[in-house]
Amino acid sequence: MQVAPLASRPIEPRYRIVRVGKKPLIGITTPVRAHIGAILKADSIESSECVYNEWVATRLAQLIRAPVALGLLAKRGGSTVFASLQVIADEPTLPDVRSSQIYRISQRYPYWVAGLVAFDLWIGNDDRAFNLKATLLGVSPPLLCGFDHSHALLNNDETVDLSIRRLKSGELIVGSHTFYGRVSYRYFTEWLKRIENISDAAIAECCDAGQTINRVDHKTQNNLADALIVRAKKLREIVRRHDQTVFQR
Amino acid sequence: MTKLHYSTLRFFRNPGSRRGLNVALVAHDGERGHIRALGLGNGSPIDLGIFRARAPEFASSAWVFAEWVESLRALAEETWIRWSHFRMKIEAAREPRGHFRLSRVRRQEMPEEANSALVVDKLFDRLVKNQTDWRPMPFQQEIGRFINSAEFSGVSGFLQAVELETLRDDGEVDHKLFFDAFIDGRQRLGLLAVDAWQPRKAVRRSLEAANRTIAWSIRSGLLQPERCFLLLDTMKCNERALLEVAEEQIGRANVLNLSDANAPQVLREVIYRSRH
């Protein structure tokens, strides 16, 4: 490779800048479009009202600040789906909770565990199992978060009508729960108070989508709201009748 | 002979990417489980410094790595499990996408009398600790970090990823040149970056192109040799002959080592000198 001697260089080179790939940033507060991780859920044979269930469960959880993942309705291929937002936005996903970690979780988060159990009892969620994420180490931010409510509310029994009837009936519904036997009675009663103190109108608003969501029409939405209002008032009595199941190991 | 079953936990920069860094190893010898991870000592809390050094752009998310190690430790300590359970549980925890993914369960034979903990240590050293085909940061991000450290972007006339054309006296295009960073104006400066982690042929092509750009920039008077810089991971680059060509043209000091923490300072001094 030959480099010409200095003497042969032109005094002022002629050049033009054709393209600049990246200009320096000016200001840092400009709003930008972004993508957030979510898991999309659709209705299926196994859970025919999954989308509506998930959406209502999220709204109800927000009413009492139960530790449940956020989510919203979205459109996909012409039908309505539920977008369950990633538990920790913009971070690598946490591992699934292992059965041998349940005790530690209940020790680390007794208040949230009580909240999760109270919430599941209210909405008739018999499928908590390991549908939750939690951090266990001191270096991590505190986090306990439940997700997946497809088998609660309108899907807690074989049909929508049976499910609504069951919610109203005062049955325990949640026969087993990951945290049964590990719930603090004192904290649980605090959460129970939160549920009892919700106004009927607020519950009705949570259930009312203002439109049919896939197969769930306005009438069904109203019926569910009625059932949840009744169940909120009966919950203390339901738990009292089953306190051995809920609180004792 | 007996068998050791194992799986590695891999970290990926993007949930969909295929090139990952091994960060932990979970194994089962038929009797008990073993866990080894970067920064995991005996009985002490995990030191996340090693993970942070290997994936600096995820430094603030290192706690997620610690949670994964904790989860694998719980799995390894579930004493009732045997090989078949181990394999089943690893398979159940495997995800096709995600920043952290477990590899398929592999098997290694070892003599009956072998100390399985030592075999796991060796395996960990080979697969995780001494893994060399991992770059600490994506190349473009690394250049960005370098430019920031060199305080390049605050200089008037600074442009990044610049394509320019030198012109003949009649106004026709003579040469097309590309610079990763360029300071336009009276005291021009050009920086070329070469990704030394590419396959060898690609590194060679990139270096040849950089040398051509340097040669023409000097020859055309666009840049003075002392204001032309080549940036690359010199330790990773095997093309010594091509590097020497660059050094002949612009001087050894202007071939900057991307992995050298002092390299931005060299550039900063040149920029500073020319402004005062």
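Residues numbered from 1 in each chain as written. Chains lettered and ligands numbered in written order. Predicted model: local features only at pLDDT ≥ 70, side-chain atom pairs only at ≥ 80, totals over all residues. Heavy atoms only, no water.

**Notes on the overall build of chain A**
And then number 1: When its secondary structure is counted, chain A shows eight helices and six strands.
And then number 2: Secondary structure elements of chain A, listed N to C terminal, follow the sequence β-β-α-β-β-α-α-β-β-α-α-α-α-α.
And then number 3: Here chain A, with 249 residues, has 47% of them falling under the buried criterion.
And then number 4: Taking all contacts inside chain A whose residues are at least 6 apart in sequence as the whole, residues at least 24 apart take part in 75%.
And then number 5: For chain A, the exposed surface amounts to about 13300 Å²; the carbon and sulfur share of it is 52%. (Helix = DSSP H or I, 4+ residues; strand = E, 2+ residues; numbered from the N terminus. Buried < 20%, exposed > 50% of the residue type's maximum accessible area, 1.4 Å probe, protein only. Contact = heavy atoms within 4.5 Å. Areas by Shrake-Rupley, 256 points an atom, 1.4 Å probe, with all protein chains shown as cover.)

**A few points about empty space enclosed by the protein**
And then number 1: All told, the structure shown has one cavity of 30 Å³ or more when counted by the stated rule.
And then number 2: Each pocket or cavity is described by its volume, and for the largest cavity that value is around 60 Å³.
And then number 3: For the largest cavity, the full set of lining residues is Pro95, Asp96, Val97, Gln101, Ala134 and Leu136 of chain A together with Glu67 and Ser71 of chain B.
And then number 4: Residues of the lining of the largest cavity, tallied by class, amount to four nonpolar, two polar and two charged. (1 Å grid on protein atoms, 1.4 Å probe; cavity = no way out; pocket = protein on both sides within 12 Å on 5 of 7 lines; lining within 4 Å. Points joined across faces, edges and corners; volume = space filled by probe spheres on them. Nonpolar A, V, L, I, M, F, W, Y, C, P; charged D, E, K, R; others polar.)

**Some words on the packing of helix 1 (residues 50-64) of chain A against helix 6 (residues 200-207) of chain A**
Packed helices, taken two at a time, are described by the angle their axes make and the gap between the axes.
Residues and elements named next belong to chain A.
And then number 1: Contact geometry of helix 1 with helix 6 gives a least axis separation of 8 Å together with a crossing angle of 150°. Compared by their axis directions, helix 1 and helix 6 come out roughly antiparallel. Helix-helix and strand crossings are classified by hand; for helix 1 and helix 6 the assignment is right-handed. Only Ala202, Ile203, Glu205, Cys206 and Cys207 of helix 6 make contact with helix 1, whose side of the interface consists of Tyr52, Trp55, Val56, Arg59, Leu60 and Leu63.
And then number 2: Broken down by class, the residue content of the contact of helix 1 with helix 6 amounts to nine nonpolar, no polar and two charged. (Axes fitted to C-alpha atoms, helices over the stretch in contact; angles between N-to-C directions. Parallel < 35°, antiparallel > 145°, perpendicular 65-115°, else oblique. Left-handed = near helix turned anticlockwise from the far one by under 90°.)

**Some details on helix 7 (residues 240-250) of chain B**
Residues and elements named next belong to chain B.
And then number 1: Here helix 7 has its buried residues at Leu242, Leu243, Ala246, Glu247, Gln249 and Ile250. The buried side chains of helix 7 occupy one side of the element, clustering within an arc of 165° when seen end-on. In helix 7, the exposed positions angled more than 90 degrees off the buried face are occupied by Ala241 and Glu248.
And then number 2: One or two positions beyond helix 7, positive phi appears at glycine 251, with a value near 95°. (Arc of directions from axis to C-beta.)

**As for the pairing of strand 8 (residues 189-194) of chain B**
All names here are of chain B.
And then number 1: Burial of strand 8 is extensive: six of the six residues sit out of reach of the surface.
And then number 2: Alternating residues of strand 8 divide into Leu189, Leu191 and Ala193 and Gly190, Leu192 and Val194, and every residue in both groups is buried.
And then number 3: Where strand 7 (residues 173-183) meets strand 8, three bridges bridge the pair, whose relative direction is antiparallel. Bridge pairing in strand 8 places alanine 181 opposite leucine 191.
And then number 4: What sits between the antiparallel neighbours strand 7 and strand 8 is a turn of five residues, in which glycine 185 has the positive phi angle 115°.
And then number 5: Here strand 8 pairs with strand 9 (residues 228-232) via five bridges, running parallel. Looking at strand 9, one finds that alanine 193 is bridged to leucine 231. (Pairing = 2+ DSSP bridges.)

**Description of the pattern of salt bridges**
And then number 1: Under the criterion given, the structure shown has 25 salt bridges over all chains.
And then number 2: In this structure, the salt-bridge partner of arginine 16 of chain A is glutamate 165 of chain B, at a minimum N-O distance of 2.8 Å. Residue arginine 16 of chain A is found in strand 1 (residues 15-22), and its partner glutamate 165 of chain B is found in strand 6 (residues 158-167); the two belong to separate chains.
And then number 3: A relative accessible area of 41% places arginine 16 of chain A in the partly exposed class.
And then number 4: On the accessibility criterion, glutamate 165 of chain B (7% relative accessible area) is buried.
And then number 5: Residue glutamate 70 of chain B is joined to arginine 104 of chain A by a salt bridge in which the shortest nitrogen-to-oxygen separation is 2.6 Å. Here glutamate 70 of chain B, found in helix 2 (residues 62-77), pairs with arginine 104 of chain A, found in helix 2 (residues 102-108), and the two come from separate chains. (Salt bridge = Lys/Arg side-chain N within 4 Å of Asp/Glu carboxyl O.)

**Observations concerning the interface of chain B and chain A**
And then number 1: Contact with chain B, which involves 46 residues of that partner, is made by 37 residues of chain A.
And then number 2: A buried area of about 3700 Å², summed over both sides, lies between chain B and chain A, and 59% of it is on carbon and sulfur atoms.
And then number 3: Remark: the boundary between chain B and chain A carries four salt bridges.
And then number 4: For the pair chain B and chain A, the number of links is 13 residue pairs in polar contact (both at pLDDT 80 or more).
And then number 5: If you list the elements that add at least two residues to the side of chain B that touches chain A, you get helix 2, strand 6, strand 7, helix 6 (200-219) and helix 7 of chain B.
And then number 6: Here the side of chain B that touches chain A takes 10 residues from strand 6 of chain B, the largest share from any one element. (Buried area = accessible area lost by both parts, 1.4 Å probe. Polar contact = N/O pair within 3.5 Å; in protein donor to acceptor, adjacent residues only side chain to side chain.)

**Digging into the environment of leucine 172 of chain A**
Residues and elements named next belong to chain A.
And then number 1: Within the secondary structure, leucine 172 sits in the loop between helix 4 (160-169) and helix 5 (185-196).
And then number 2: Between the alpha carbons of leucine 172 and proline 92 there is a distance of 37 Å; along the sequence they are 80 residues apart.
And then number 3: With residues up to four places along the chain from it excluded, the contact list for leucine 172 reads Leu121, Tyr180, Arg231, Ile238, His242 and Thr245.

**Remarks on the sheet that holds strand 4 (residues 79-85) of chain A**
Residues and elements named next belong to chain A.
And then number 1: If you trace the three strands from one edge of the open sheet to the other, you get 2-4-3, paired in antiparallel fashion. The sheet terminates laterally at strand 2 (38-41) and strand 3 (71-76), the two strands that pair on one side only. Along the sheet, successive strands turn relative to each other by an average axial angle of 35°, direction set aside.
And then number 2: Sheet topology note: the strand 3/strand 4 ladder contains six bridges and is antiparallel. Considered in strand 4, the bridge of leucine 72 is made with alanine 83.
And then number 3: Against the sheet, helix 1 touches strand 2, strand 3 and strand 4, its axis set at about 40° to strand 4.

**Quick word on the nonpolar core**
And then number 1: By size, the foremost hydrophobic cluster in this structure holds 63 residues, and its most contacted members are Leu60, Ile105, Phe119, Leu121, Trp122 and Phe188 of chain A.
And then number 2: Setting aside residues up to four positions removed in sequence, isoleucine 105 of chain A forms contacts with Val97, Val113, Leu132, Ala134, Leu136, Leu144 and Phe179 of chain A.
And then number 3: Residues Leu94 of chain A together with Leu4, Leu9 and Leu102 of chain B belong to the second largest nonpolar core, which totals 48 residues. (Core = buried A, V, L, I, M, F, W, Y, C linked by side-chain atoms within 4.5 Å.)

**Details of the environment of threonine 166 of chain B**
And then number 1: Along the chain, threonine 166 of chain B falls in strand 6.
And then number 2: Given the relative accessible area of 3%, threonine 166 of chain B is considered buried.
And then number 3: Separated by 86 residues in the primary sequence, threonine 166 of chain B and arginine 252 of chain B place their C-alpha atoms 26 Å from one another.
And then number 4: Apart from the residues lying within four places of it in its own chain, the contact partners of threonine 166 of chain B are Arg14 and Tyr15 of chain A together with Glu172, Val173, Asp174, His175, Leu177, Trp216 and Ser220 of chain B.
And then number 5: A polar contact of 3.0 Å, which involves the side chain of threonine 166 of chain B, links it to the side chain of tryptophan 216 of chain B.

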